[in-house]
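Now for the letters of each chain:
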Amino acid sequence: ILISIYPRLFVALLLYAAGGTVISFMIGKRLIHLNFVQLQREADFRFGLVRVRENAESIAFYRGESQEKLAVSNCFQLVIENFYELLIWTRNLDMFTTFYNYLIQIMPIFLVAPIYFSGAIQLGALNQAWSAFNHVLSDLSWIIDSFDQLSSFSAGIDRLGEFVEEIESKLDDSERVFMSASDFDQVSKQQNQHDGLDTAEDSDLEDESFMNVSNSSSVIELKEGLSQETPLIIDSLNLYTPDTTRRMLIHNISIKIANGQRLMLVGPSGSGKSSLLRAIAGLWNVGSGTVSVTSYSKAMFLPQKPFCTVGSLRAQLIYPSTVSEVDVELVTDSKLNGILDQVGLTGLVDRFDGFESVRDWSDVLSTGEQQRLAFGRLMFSYSSGRIDFALLDEATAALDSNSEKKVYQLLQSTNMSYISVGHRFSLLEYHSKLLRLHGDTQWQLEEITDERRAQAAAVAQLQA
């Protein structure tokens, strides 16, 4: 129709559509990158939130809430900044697209008007030309009208492509196979069943760590302000589980830790060893009695499952402090290297190209290396005068006997008081008192004699 009425109108249509597509691409190509970055930053933000949720207890023990809040806030700020720029470029593209679509309505009239007024065509042919022009141009303008959606789709495909490439880079050629739908359903079913079993097995642990105090008629009283000569006093403490069963774990326990004393905590699984540490740290208050400490800011907790914050290797060692909060002389490479050597992590800096290297440390370090890194964190805080008391919840469970001996000898060389949860008899060598939890709410406090320490040392020697 267009060619028969006015061939130049068809040529103008093609030029107009091609020009609009080129201009749309020039304006909107920035959107592809911005959408890609937006997906990436939103994923980082979600990862940060999940990571904080999964490690909430460890973060609370370390008193690292402010630093984790800052890290998550920085991730969210990056999301907002990129989204703001995304809105600006989307606005620019929408303004051009609106101008482009409105110009379509009048352009064919201006092009055909001269031949209409000259009498070469009738009014009906003019309406036909206008209708055909808009119909064909709407088809040719699909890229222009959908460029915003295409940029989002392209960004998503790019991220999926990088994900597949990263996975395949870890596989051998023989392992790069596609999974059929039936096989995938079978694997998914098995995985769901496995997850269900894991959930059932871990239910007791979840109940134990759930800190709902609404069912408690009384709470444990926490006090600060003791003298440094007595960093911990527990008086008439009754400890319960925080779930609806309100099961008593420990009955009427009273102990006192003097400066320089080291207490070892033993007992069967479920007797309340970790729960007692939570109560001392102020995270669990279901029960009655009093826990008095010098200052919670002067204590550090080392959990069995190590926690690594997001950041550089330097940030791992000084956590929960930041570089701006400590003396510059304390965070020099030589000082931190000395601490790593003390805990048996010689060469760690060279492996990761310096202290400013940023990694997902929970993945790149073994559990044993993470536990030694936690002891390095403890020694840094002690040497900088920030702490003088430590709570160790099976903090050497992943270490061999020699590594365990090394870190505990390091602790013994200080004046730090600490409480350790452990199962190895060899640990008696590094403690002065033993607290036994029998599992039936009963407990027993014993002095560790020199003879028993010698026996523990002999056992450690045999294990080595």
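Everything below is about the structure printed above this text.
In this text the structure is predicted, and so the values were computed from the model without any measurement.

1. Focus on the nonpolar core
Logical step 1: Counting 48 residues, the largest nonpolar core has L302, L340, F375, L378, L392, Y408 and L411 as its most contacted members.
Logical step 2: Here this core takes six residues from helix α15 (residues 367-383), the largest share from any one element.
Logical step 3: Apart from residues no more than four positions distant in its own chain, L302 is found in contact with Y62, A374, F375, L378, L391, L392, D393 and A395.
Logical step 4: Listed in part, the 30 residues of the second largest apolar core include I250, L276, A279 and F301.

2. Let's talk about the sheet that holds strand β4 (residues 262-266)
Logical step 1: Sheet architecture is open: six strands sit in the order β6-β9-β10-β4-β11-β12, paired in mixed fashion. Strands with a single pairing partner mark the edges of an open sheet, and in this sheet they are β6 (299-302) and β12 (443-447). Strand-to-strand, the axes of this sheet are offset by a mean angle of 15 degrees, without reference to chain direction.
Logical step 2: As defined by bridge partners, strand β9 (residues 389-393) adjoins strand β10 (residues 417-421) across five bridges and the pair is classed as parallel. The partner of L392 across the bridge, within β10, is S420.
Logical step 3: Across the sheet, α15 touches β6 and β9, and the angle it forms with β6 is around 175 degrees.
Logical step 4: Packed onto the sheet, helix α16 (residues 401-412) meets β4, β9 and β10 and runs at close to 155 degrees relative to β10.

3. Side note on the pattern of salt bridges
When their charged atoms lie close together, side chains carrying opposite charge are able to pair.
Logical step 1: Counted under the stated rule, the structure contains 10 salt bridges.
Logical step 2: The partner of R30 in a salt bridge is E85, and the shortest N-O contact between them spans 2.7 Å. One end of the pair, R30, is in helix α2 (residues 7-54); the other, E85, is in helix α4 (residues 65-117), with 55 residues separating them in the sequence.
Logical step 3: On the accessibility criterion, E85 (28% relative accessible area) is partly exposed.
Logical step 4: E221 serves as the salt-bridge partner of K223, at 3.9 Å between the closest nitrogen and oxygen.
Logical step 5: Taking relative accessible area as the criterion, K223 reaches 38% and is therefore assigned partly exposed.
Logical step 6: Judged by relative accessible area, which is 41%, E221 ranks as partly exposed.
Logical step 7: Three or more residues joined by partner-sharing salt bridges are found here, namely R314, D333 and E356.

4. Here we look at the packing of aromatic side chains
Logical step 1: Under the defined criterion, the tally for this structure stands at eight aromatic pairs.
Logical step 2: With 5.1 Å between their ring centres and 80 degrees between their planes, F352 and W361 make a pair best called edge-to-face.
Logical step 3: Judged by relative accessible area, F352 falls into the buried class, the value being 7%.
Logical step 4: Members of the aromatic cluster, connected to one another through ring pairs, are F375, Y408, Y418 and Y430.
Logical step 5: Just above the ring of Y240 sits the side chain of R246; from NZ or CZ to the centre is 4.6 Å.
Logical step 6: Above the face of the Y62 ring, R377 is positioned so that its terminal group lies 5.0 Å from the ring centre.

5. Notes on a nonpolar patch on the surface
Logical step 1: Taken together, V22, F25 and M26 make up a surface patch of nonpolar side chains, about 320 Å² in accessible area.
Logical step 2: Inspection of the secondary structure puts V22 in helix α2.

6. Things to note about the sheet that holds strand β2 (residues 232-240)
Logical step 1: Taken in spatial order, the four strands line up as β1-β5-β2-β3 in an open sheet, and their pairing is mixed. Edge strands, defined here as strands with exactly one partner in the open sheet, are β1 (221-224) and β3 (248-257). Sheet twist, expressed as the average angle between the axes of neighbouring strands with direction ignored, equals 10 degrees.

7. A few points about α16
Logical step 1: For α16, spanning 12 residues, the distance from its first C-alpha to its last is 16 Å, which sits close to the expected 16 Å at 1.5 Å a residue.
Logical step 2: Along α16, the residues that are buried comprise S403, E404, V407, Y408, L410 and L411. All buried residues of α16 lie within an arc of 150 degrees about the axis, which places them on one face of the element.
Logical step 3: Elements in contact with the buried residues of α16: β4, α12 (333-342), α15, β9 and β10.
Logical step 4: Here α16 starts with a cap whose side-chain oxygen sits 3.1 Å from the backbone nitrogen of N402, and that cap is D400.

8. A word on the pairing of β4
Walk down a regular strand and you will see the side chains alternate between the two sheet faces.
Logical step 1: Of all five residues making up β4, five are buried, and the element is well covered by its neighbours.
Logical step 2: A two-sided burial pattern is seen for β4, the buried positions comprising R262, M264 and V266 on one face and L263 and L265 on the other.
Logical step 3: Sheet topology places β4 next to β10; four bridges connect them, and they run parallel. Within β10, the position partnered with L263 by the bridge is I419.
Logical step 4: Across four bridges, β4 lies against strand β11 (residues 433-437) in parallel orientation. Each bridged residue has a counterpart across the sheet, and for L265 the counterpart in β11 is L435.

Conventions used here
- Residues numbered from 1 in each chain as written.
- Predicted model: local features only at pLDDT ≥ 70, side-chain atom pairs only at ≥ 80, totals over all residues.
- Heavy atoms only, no water.
- Core = buried A, V, L, I, M, F, W, Y, C linked by side-chain atoms within 4.5 Å.
- Buried < 20%, exposed > 50% of the residue type's maximum accessible area, 1.4 Å probe, protein only.
- Helix = DSSP H or I, 4+ residues; strand = E, 2+ residues; numbered from the N terminus.
- Contact = heavy atoms within 4.5 Å.
- Pairing = 2+ DSSP bridges.
- Axes fitted to C-alpha atoms, helices over the stretch in contact; angles between N-to-C directions.
- Salt bridge = Lys/Arg side-chain N within 4 Å of Asp/Glu carboxyl O.
- Phe/Tyr/Trp six-rings, centres within 6.5 Å; stacked < 30°, edge-to-face > 60°.
- Lys NZ or Arg CZ within 6 Å of the ring centre and 35° of its normal.
- Patch = residues over 30% accessible without salt bridge, like charges linked within 9 Å, V, L, I, M, F, W, Y side chains within 5 Å.
- Areas by Shrake-Rupley, 256 points an atom, 1.4 Å probe, with all protein chains shown as cover.
- Expected span 1.5 Å × (residues − 1).
- Arc of directions from axis to C-beta.
- Polar contact = N/O pair within 3.5 Å; in protein donor to acceptor, adjacent residues only side chain to side chain.

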